Amino acid sequence: MKKFIFTAIVAIVGWFNALAQSMPAPEKYSNFIEQIAELDDQRAEFLMNATMESLIENPKGYRQMMELAEKRFSDPTDPIHNEKLYMVVLNHAIEKYVLSGAEKEKQRLLLEGAKKNMIGSIAADFDYVTPSDKKAQHLKGLKADYILIYFNNPDCESCEIVKERLANNETINQLINDKKLIVLGIYPYDDQKLWKKAKYPKMMINGWNQSRTIEYGELYDLPTLPCFYLLDKNYKVLIKNEGSLNKVEEKLKELSTAQEVGPVPEASANKQALHPSRPAVQPEKPKPTIIPAPADDPNVALSEQMFGYLINNKAQELYDNLSDKVKGQVQPSTFEGAFTQIENQMGKYQGHEAWNIQQFQGMKAYTSLVNFEKSQLGLIIVFDEVGKMMGINMVPAQAIQPQN
C-alpha cells in the first residue's frame, strides 16, 4: 500500500498535512517538522511523505522543505536528527517529477549515504592501527556486549570536549570496568602527525584508519564530527551518526538495565508450563478499545454525512461543519480534491464498513474501514460535544484495528 495520509484538522494528527499546504515561508517549517518528529515512526513517516506530496505543486516550497529536512534530519547534532524521516524526503524527491535531473542525482547520492550502516543492519568492518601496535586491527575483532565507535578529529574543538566528557562519564566507565563495553576512537583522515600528537584517555582505544577505507571507500557516512555509532555484540547498529553523548548514555543505561533484568530462565519457564495453577505470564500488546457504534447514535448519521461531503468534494460544507475550536486552522480549500488524490493512489472507492467508536489521540472517534480497488484505509472522524467536527482523517487500516 502506498504511504498516504489525508489532510485533517489541528485537533488530531492529520492537521500536519493541512498545514503543509499553506506554510508561507521556510522559517515556519521548522516548528512543523519538529512536531512530526515527535510522533511514532510509522505515523511520522506517513505524515512526512504526505507533506512532500502536498508541496508538489509548489516547487519553491518543495525545495525549501528539502533543504530544511537535510539540515534538521541529517545533522547528528540537531535535536530532531532522524535518518528515517530524511530518507522519506529523499525517496520522494527521487520518485517525483519536481526536481531537475542534476538535483535528483544529488538526492540519490545522499540517499545512498543514508542507507549505509542503517540502524538494525550489521556495521561495515574496517581496519585501524594504534600508536603502540602498528599491526592492523579490525572492528570485528573486538568482543564485548557493546562497542561504541567514536569518530573524531584531533583538530576539532568539539571532539576534544566530548573526549574529555567520555573520560569522565560514570555510566560508560562502569560498563568498561564490567567488561561490557569497548570504546573505540577512530580518526578517519590522513594527517598521521596530527593523530600521533593527540592525547586520548586510557579507557578508549585510540585508532587511526591508516588505510583510509572509511573515507575513500565511503564505508561510513560521516556528515559531521564528532559522532557516535553504537553496536551490539553481533556488530548490529543500535545508534548511528549520533552527536549527543547524552543520548548515547541514555541508550546504554536502557540496554544495561534490560540486560540486568534478563529473560526468564528456560528451566523456570518449563516449570511454569508444568503447573497450570501457575500459568506463565505473557506480556500483552496494547489493543485499541473498539466498540460498534449504535445505529441510533446521532454521530453515525453525521459521520455518513461528512464522509459523503468528502467523497463528493463538497469542501465548503465540510468547512461549515467544523468546530469553532479548529475552524481558524484551515480553509475550505484544504479539503478540495482530497478524495480524488486518495483514489489516484488507491483506486476507485468501493464502499465502507460499519461505524465503530474508538479512543483516538485521547478523544472519542468514529471509525470505519474504507475499501478501495487496491487496498483499505481507515477513516477517522472526531466530533465535539455539540456535534461539530473536530477532524477527519484517512490513516493506515491497522491504525483503527486491534492488534492480534
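How each quantity is defined
Residues numbered from 1 in each chain as written. Predicted model: local features only at pLDDT ≥ 70, side-chain atom pairs only at ≥ 80, totals over all residues. Heavy atoms only, no water. Core = buried A, V, L, I, M, F, W, Y, C linked by side-chain atoms within 4.5 Å. Buried < 20%, exposed > 50% of the residue type's maximum accessible area, 1.4 Å probe, protein only. Contact = heavy atoms within 4.5 Å. Disulfide = S-S within 2.5 Å. pLDDT = per-residue confidence, 0-100. Phe/Tyr/Trp six-rings, centres within 6.5 Å; stacked < 30°, edge-to-face > 60°. Helix = DSSP H or I, 4+ residues; strand = E, 2+ residues; numbered from the N terminus. Lys NZ or Arg CZ within 6 Å of the ring centre and 35° of its normal.

Peer 1: Just give me the short version of the nonpolar core, but keep the residues and values in it.
Peer 2: Counting residues in each nonpolar core, the largest one holds 50 residues, and the members touching the most others are Phe126, Leu139, Ile149, Phe151, Leu166, Ile172 and Tyr220. Once residues within four sequence positions are removed from consideration, Phe126 is found in contact with Gln137, His138, Leu139, Ile149, Phe151, Leu184, Ile186, Asn209, Thr213, Ile214, Leu219 and Tyr220. Among the nonpolar cores identified, the runner-up in size contains 37 residues, and Ala315, Val326, Leu369 and Met394 belong to it.

Peer 1: I'd love a proper account of the state of the cysteines, names of residues and values included.
Peer 2: A complete count under the given rule lists zero disulfides for this structure. Cys227 forms no disulfide, and the closest cysteine sulfur to it belongs to Cys159, at a distance of 8.8 Å. Take Cys227: its relative accessible area is 0%, and that puts it in the buried class.

Peer 1: Pulling in residues and values, what's your account of the confidence of the model for the chain?
Peer 2: Considering every residue of the chain, the mean pLDDT works out to 81; 82% of them sit at 70 or more. Here residues 1-24 is a poorly scored stretch, pLDDT under 50, and it has 92 contacts once near neighbours within four places are set aside; other chains count. Ignoring residues within four places in sequence, the model shows residues 264-286, a span with pLDDT below 50, making seven contacts including any to other chains.

Peer 1: Explain the packing of aromatic side chains residue by residue, including any values.
Peer 2: Enumeration according to the criterion identifies 14 aromatic pairs in this entry. With centroids separated by 5.3 Å and ring planes inclined at 50 degrees, the aromatic side chains of Phe151 and Tyr220 adopt a geometry described as tilted. Placement of Phe151 in strand S3 (residues 146-151) and of Tyr220 in the loop between helix H10 (213-216) and strand S6 (227-232) is noted, with a sequence separation of 69 residues between them. An aromatic cluster is present here, built from Phe126, Phe151, Tyr220 and Tyr229 joined pairwise through their rings. Stacked on the ring of Tyr97, the Lys or Arg Lys104 has its end atom at 4.7 Å from the ring centre. Here Lys163 stacks its cationic end above the ring of Tyr200, 3.7 Å away from the centre of that ring.

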